[in-house]
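Residue-level structure breakdown
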Amino acid sequence: MTAQVPPPAGKVPVWRTAIGSYGFVFSNLDRFLALGWLLLVITFAVYMASGVLFKIGAPEAASVADWVTNVPLEAIAWAMYAVFSVRWHRFFLLDERESVFSEILVARNWRFLGYTLLLAFAPMVPMFVISFANFGDFPPVAGPQSIETIDWTLITINWTPIILFGLSILAMPILVIVLFRFFLVLPATAVDRPLAFGEAWRNMRGNTWRFMGCFFLVAIPSLIPIWGMFAVFGQSLFGGGMTGGAPEPTIGVSVVMNAVMVIIGFFITAVGITVLSTFYRHIIGGESGEGGAVVGP
């Protein structure tokens, strides 16, 4: 049985929320594994399959078929993270302790995935669109020696898409900041209390920079094991094709690398979701189980 918790007044504390979110996940590692072990295994298998495909074909000469094969693998990985995120939101906010096999295909997971993809990739859309524009028409060149024979006065370059492309890159950080104000739609979707984007925008007012601060504070520690992994395995992680003759990574290195990346990915996701759930409960209010009381603002 859970109790209705009104939204507290004031701002969400940054340091206490960031540190408390790590503490919450560490104190609930049993639930972390219970809710996510199957998703971790599936994601690990996806990472290993992607690595095999990466080795088979040279990345610089990737064909359309390679991309077509890789996209479903990426989609599976994103779906696993979305399912886990919904479960962790519901565990924190509702103290829900469902089975690892339950509600994988429920509609809320796919709505959550859709919102996640939108918020993650929307800042890059202008750059992708402009990158396909025509950057200029150059005359064909028969060989290196013919470069001196080109009449450069005949070359025309359309500077408009080039300028727009540069502006889109400069605008990307601004778009990312703007999109942070919409993140409350994610926990609202996870607990079946959907918010419109306009409501999420208004409710995050005054806490956007605090949320961004918490986001970066919890992300920084996750870089430490990644740096350590690169220090241990070095260039062999990329294989000889990308490192000028470095030895190809062994199967053991690949297994360790992918296992570490999966564990770090899901752990930092749990911490980030705890941060977002804390902001949601503080700003919106709503259901809160016994777990949610651990990281109260």
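Nothing here was measured: the structure is a model prediction, and the numbers come from that model.

Examining the overall build of the protein chain
A count of helices and strands for the protein chain gives 11 helices and two strands. Tracing the protein chain from N to C terminus, the helices and strands come up as β-α-α-α-α-α-α-α-α-α-α-α-β. By the burial criterion, 40% of the 297 residues in the protein chain qualify as buried. The long-range share in the protein chain, meaning contacts at least 24 apart out of those at least 6 apart in sequence, stands at 78%. Working note: accessible area of the protein chain is about 16000 Å², and carbon and sulfur atoms make up 73% of it.

Topic: empty space enclosed by the protein
Enumeration according to the criterion identifies one cavity of 30 Å³ or more in this entry. Considered as a void within the structure, the largest cavity measures approximately 50 Å³ in volume. What lines the largest cavity is Val83, Val86, Arg87, Arg90, Glu98, Ser102, Glu103, Arg108 and Asn109. When residues in the lining of the largest cavity are grouped by element, the largest group, four residues, is from helix H3 (residues 64–94). Here the residues of the lining of the largest cavity are counted per class, giving two nonpolar, two polar and five charged.

Concerning the side chain of His89
When you line up the elements, His89 lands in helix H3. Judged by its relative accessible area of 0%, His89 falls in the buried class. Leave out the neighbours within four places in its chain, and His89 touches Leu94, Phe112, Leu186, Pro187, Ala190, Ile273, Leu276 and Ser277.

Considerations on the packing of aromatic side chains
Enumeration over the complete set of coordinates arrives at 23 aromatic pairs. Residues Phe180 and Phe215 carry aromatic rings whose centres are separated by 5.3 Å and whose planes lie at 75° to one another, so their mutual orientation is edge-to-face. Here Phe180 is found in helix H6 (residues 159–180), whereas its partner Phe215 is found in helix H9 (residues 208–219), with 35 residues between them in sequence. By relative accessible area, Phe180 is classed as buried at 4%. Exposure remark for Phe215: the relative accessible area of 36% places this residue in the partly exposed category.

Some remarks on the nonpolar core
By size, the foremost hydrophobic cluster in this structure holds 55 residues, and its most contacted members are Trp88, Leu184, Phe211 and Phe266. Among the elements of the structure, helix H1 (14–27), helix H2 (29–56), H3, helix H4 (107–121), H6, helix H7 (185–190), H9 and helix H11 (251–283) are those that each provide at least two residues to this core. Not counting residues within four places of it along the chain, the set of residues in contact with Trp88 comprises Phe24, Val25, Asn28, Arg31, Phe32, Leu35, Ala270, Ile273 and Thr274.

Some points on H4
In this model, H4 (15 residues) spans 21 Å end to end at C-alpha, consistent with the 21 Å of a helix rising 1.5 Å per residue. Turning to H4, its buried residues number three or more, namely Arg108, Asn109, Phe112, Leu113 and Leu119. One side of H4 carries all its buried residues, which in axial view fall inside an arc of 135°.

A word on the environment of Gly272
By the secondary structure assignment, Gly272 is in helix H11. You can call Gly272 partly exposed: its relative accessible area is 23%.

Topic: unusual backbone geometry
Positive phi, close to 55°, is recorded for Asp95, a residue that is not glycine. Relative to the elements of secondary structure, Asp95 occurs in the loop between H3 and H4. Within the chain, Asp192 stands out as a residue other than glycine whose phi angle is a positive 60°. For Asp192, the location among the structural elements is in the loop between H7 and helix H8 (197–203).

Digging into the pattern of salt bridges
Side chains bearing opposite charge may pair, as long as their charged atoms lie close to each other. Inspection of every chain in the model, using the stated rule, returns four salt bridges. Here Arg90 and Glu96 are joined by a salt bridge, their closest N and O atoms 2.8 Å apart. Residues Asp192 and Arg90 are paired through a salt bridge, measuring 3.3 Å at the closest nitrogen-oxygen approach. With Asp192 in the loop between H7 and H8 and Arg90 in helix H3, this pair connects stretches of sequence that are 102 residues apart. Judged by its relative accessible area of 38%, Asp192 falls in the partly exposed class. Through salt bridges with shared partners, a single ionic network connects Arg90, Glu96, Arg108 and Asp192.

Let's talk about the confidence of the model for the protein chain
Of the residues in the protein chain, 69% have a pLDDT of 70 or more, and the chain-wide mean is 77. The low-confidence segment residues 135–143, where pLDDT is below 50, has 17 contacts with residues more than four positions distant or belonging to other chains.

Quick word on a nonpolar patch on the surface
There is a patch of nonpolar side chains on the surface, built from Ile163, Leu164, Leu167 and Leu170 and spanning about 400 Å² of accessible area. Checked against the element boundaries, Leu164 lands in helix H6. The exposure class of Leu164 is partly exposed, given its relative accessible area of 40%.

Calculation rules
- Residues numbered from 1 in each chain as written.
- Predicted model: local features only at pLDDT ≥ 70, side-chain atom pairs only at ≥ 80, totals over all residues.
- Heavy atoms only, no water.
- Helix = DSSP H or I, 4+ residues; strand = E, 2+ residues; numbered from the N terminus.
- Buried < 20%, exposed > 50% of the residue type's maximum accessible area, 1.4 Å probe, protein only.
- Contact = heavy atoms within 4.5 Å.
- Areas by Shrake-Rupley, 256 points an atom, 1.4 Å probe, with all protein chains shown as cover.
- 1 Å grid on protein atoms, 1.4 Å probe; cavity = no way out; pocket = protein on both sides within 12 Å on 5 of 7 lines; lining within 4 Å.
- Points joined across faces, edges and corners; volume = space filled by probe spheres on them.
- Nonpolar A, V, L, I, M, F, W, Y, C, P; charged D, E, K, R; others polar.
- Phe/Tyr/Trp six-rings, centres within 6.5 Å; stacked < 30°, edge-to-face > 60°.
- Core = buried A, V, L, I, M, F, W, Y, C linked by side-chain atoms within 4.5 Å.
- Expected span 1.5 Å × (residues − 1).
- Arc of directions from axis to C-beta.
- Salt bridge = Lys/Arg side-chain N within 4 Å of Asp/Glu carboxyl O.
- pLDDT = per-residue confidence, 0-100.
- Patch = residues over 30% accessible without salt bridge, like charges linked within 9 Å, V, L, I, M, F, W, Y side chains within 5 Å.

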